[in-house]
Amino acid sequence: MASSATRVDLDGSPIKPMTICMIGAGGFIGSHLCEKLMAETPHKVLALDVYNDKIKHLLEPSDGHPWSDRIQFHRLNIKHDSRLEGLIKTSDLLLDLVLNGSDSLSQTINLAAICTPADYNTRPLDTIYSNFIDALPVVKYCSENNKRLIHFSTCEVYGKTIGSFLPKDSPLRQDPEYYLLKENDSPCIFGSIEKQRWSYACAKQLIERLIYAEGAENGLEFTIVRPFNWIGPRMDFIPGIDGPSEGVPRVLACFSNNLLRREPLKLVDGGESQRTFVYIKDAIDAVMLMIENPTRANGHIFNVGNPNNEVTVRQLGEMMTEVYAKVSGEPKLEQPTIDVSSKEFYGVGYDDSDKRIPDMTIINRQLGWNPKTSLWDLLESTLTYQHRTYAEAIKKAISQPASTN
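Values in this document were obtained by computation on a predicted structure and should not be read as measured data.

**Quick look at the nonpolar core**
No. 1: Counting residues in hydrophobic clusters, the biggest one holds 65 residues, and the most contacted among them are Trp230, Met290, Val304, Ile363 and Leu379.
No. 2: Looking at which element gives the most residues to this core, the answer is helix 9 (residues 280-292), with nine residues.
No. 3: Excluding its chain neighbours within four sequence positions, the residues that come into contact with Trp230 are Phe28, Ile29, Phe152, Val225, Met235, Val278, Ile280, Ala283, Val287 and Val304.
No. 4: With 23 residues, the next largest nonpolar core counts Leu46, Ala203, Leu220 and Ile224 among its residues.

Here is the structure:
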């Protein structure tokens, strides 16, 4: 339940109730953010998305939900829905808040995008349209109507690290400075044009540049978020259960699917790539600080990740195997992993970054945020949810005979 006490920002000033128009509210990040906003703040949310399954529990009428008048769901696809401009323009008025009034604020949080490696490797046109072309009106409407924009980008915009171009035997490969990714200093290094995998990163970088230019030339108030592998319950989908059978979600959901089906985990190119992972609840705390501290967040790009949770993809698979055996009570497979090539798994045109470590200097300085949850703990929380949510459905699906023509 939202506290009745007056909320204050990091500088001790009272936080005024605001209306938040959230595009992509029905997804993984949006659902956790909506929960936090409803439970702990007086803010109102206009939740925009195509699906609402992950926030349905917030929308159902109930005497026990004190936020029933603070969240509204609007089913729309920003790609071709004429209501989008009206919702963004009238969001304050719709909830009895006036955009330029002294007692209200309005923000737009954009969470909508195609963002899985399999999609941006095999559907590059959809990826570019989703992440750049379809985002253009959102930026335009915010700029024209003086609305603050919090835009979710990706750590993919960094591309490859400088360290990945060093000779294999170079001692400099041990220097973290060649891998540490800094918002305002690190170059964005992508692969060749034929490597379609970089279509996502290029589209995301270009929309970042547009937002930054709108701020410089037209005074748009903005914050850009670069997530580094946010992990937790409700992430992605399980193929054939709540997503397409042929779908390929991101690594944690892929491994979860393998574990639930008692199949070996597929390690792409040996699983040698290194990544960091941060718990969704820690990441949402960071977003809340951005929302409620505009004077500290405006004009900044923030890495949001946990450099202490760095592992290779192979190590991640080994850890998940251990944790899932603990939470499910099922024995580990004799052959827990198998190696597959990136071409076999993702198709022609795949390329990768060897290592991504977020520098946390700016977000710590501006917002005082640091992640708290260890990789072991976030995996236990996530896999407990995955087992409770999907285990029975998968057993039922496996037991059904395959359909024949």
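**Observations regarding the side chain of Gln205**
No. 1: Along the polypeptide, Gln205 turns up in helix 7 (residues 199-218).
No. 2: Here Gln205 is in contact with Val157, Cys188 and Phe190, once residues within four sequence places are set aside.

**Notes on the side chain of Gln386**
No. 1: By the secondary structure assignment, Gln386 is in helix 14 (residues 375-399).
No. 2: Excluding residues within four positions of it along the chain, Gln386 makes contact with Ile238, Ser256, Leu260 and Ala391.

**Focus: the packing of helix 6 (residues 136-144) against helix 7**
No. 1: Between helix 6 and helix 7, whose axes approach to 11 Å, the crossing angle comes to 15 degrees. In terms of orientation, helix 6 and helix 7 fall into the roughly parallel class. As helix 6 packs across helix 7, the resulting crossing turns out to be right-handed. On the side of helix 6, the interface is formed by Leu136, Val139 and Ser143, while helix 7 contributes Ile207, Leu210, Ile211, Glu214 and Asn218.

**Here's the deal with the packing of aromatic side chains**
No. 1: Taken as a whole and assessed by the stated rule, the structure comprises four aromatic pairs.
No. 2: Relative to Phe228, the ring of Tyr158 has its centre 6.1 Å away and its plane inclined at 40 degrees; by these criteria the two rings are tilted. Taken together, the positions of Tyr158 in the loop between strand 5 (148-152) and strand 6 (180-181) and Phe228 in the loop between strand 7 (222-227) and strand 8 (230-231) put the pair 70 residues apart, joining distant regions of the chain. Grouping residues by exposure puts Tyr158 and Phe228 together as buried.
No. 3: Taking the ring centre of Trp198 as reference, the NZ or CZ of Arg197 above it sits at 4.8 Å.
No. 4: In this structure, Lys355 packs its charged tip against the face of Tyr179, placed 4.7 Å from the ring centre.

**A short note on the state of the cysteines**
No. 1: Scanning the model with the defined rule gives zero disulfides in all.
No. 2: Cys188 takes part in no disulfide bond, and the closest cysteine sulfur, belonging to Cys202, lies 9.3 Å away.
No. 3: By relative accessible area, which is 30% here, Cys188 ends up partly exposed.

**Some points on the pattern of salt bridges**
No. 1: One pass over the full model with this rule turns up 18 salt bridges.
No. 2: In this structure, Glu156 engages Arg197 in a salt bridge whose closest nitrogen and oxygen atoms are separated by 2.6 Å. Here Glu156, found in the loop between strand 5 and strand 6, pairs with Arg197, found in the loop between strand 6 and helix 7; they are 41 residues apart in sequence, far enough to count as distant.
No. 3: Taking relative accessible area as the criterion, Arg197 reaches 1% and is therefore assigned buried.
No. 4: Residue Arg356 pairs with Glu156 through a salt bridge whose shortest N-O separation is 3.3 Å.

**Observations regarding the packing of helix 5 (residues 124-133) against helix 7**
No. 1: Interaxial distance between helix 5 and helix 7 falls to 9 Å at its minimum, and their mutual angle equals 20 degrees. The orientation of helix 5 with respect to helix 7, classified from their angle, is roughly parallel. Seen along the crossing, helix 5 lies across helix 7 with a hand that is right-handed. Each of Pro124, Thr127, Ile128, Asn131 and Phe132 in helix 5 lies in contact with helix 7, whose residues at this interface are Ser199, Tyr200, Ala203, Lys204, Leu206 and Ile207.

**Comments concerning helix 5**
Two residues of an α-helix separated by three or four positions point the same way, owing to the 3.6 residues in each turn.
No. 1: Of all the positions in helix 5, only Pro124, Thr127, Ser130, Asn131 and Phe132 are classed as buried. The arc that holds every buried residue of helix 5, seen down its axis, measures 165 degrees, which confines them to one face.

**With respect to a nonpolar patch on the surface**
No. 1: On the surface, Leu125, Ile128, Tyr129 and Ile133 cluster together into a nonpolar patch covering about 370 Å² of accessible area.
No. 2: Within the secondary structure layout, Leu125 lies in helix 5.
No. 3: Residue class for Leu125 comes out exposed when judged on its relative accessible area of 61%.

Calculation criteria
- Residues numbered from 1 in each chain as written.
- Predicted model: local features only at pLDDT ≥ 70, side-chain atom pairs only at ≥ 80, totals over all residues.
- Heavy atoms only, no water.
- Core = buried A, V, L, I, M, F, W, Y, C linked by side-chain atoms within 4.5 Å.
- Buried < 20%, exposed > 50% of the residue type's maximum accessible area, 1.4 Å probe, protein only.
- Helix = DSSP H or I, 4+ residues; strand = E, 2+ residues; numbered from the N terminus.
- Contact = heavy atoms within 4.5 Å.
- Axes fitted to C-alpha atoms, helices over the stretch in contact; angles between N-to-C directions.
- Parallel < 35°, antiparallel > 145°, perpendicular 65-115°, else oblique.
- Left-handed = near helix turned anticlockwise from the far one by under 90°.
- Phe/Tyr/Trp six-rings, centres within 6.5 Å; stacked < 30°, edge-to-face > 60°.
- Lys NZ or Arg CZ within 6 Å of the ring centre and 35° of its normal.
- Disulfide = S-S within 2.5 Å.
- Salt bridge = Lys/Arg side-chain N within 4 Å of Asp/Glu carboxyl O.
- Arc of directions from axis to C-beta.
- Patch = residues over 30% accessible without salt bridge, like charges linked within 9 Å, V, L, I, M, F, W, Y side chains within 5 Å.
- Areas by Shrake-Rupley, 256 points an atom, 1.4 Å probe, with all protein chains shown as cover.

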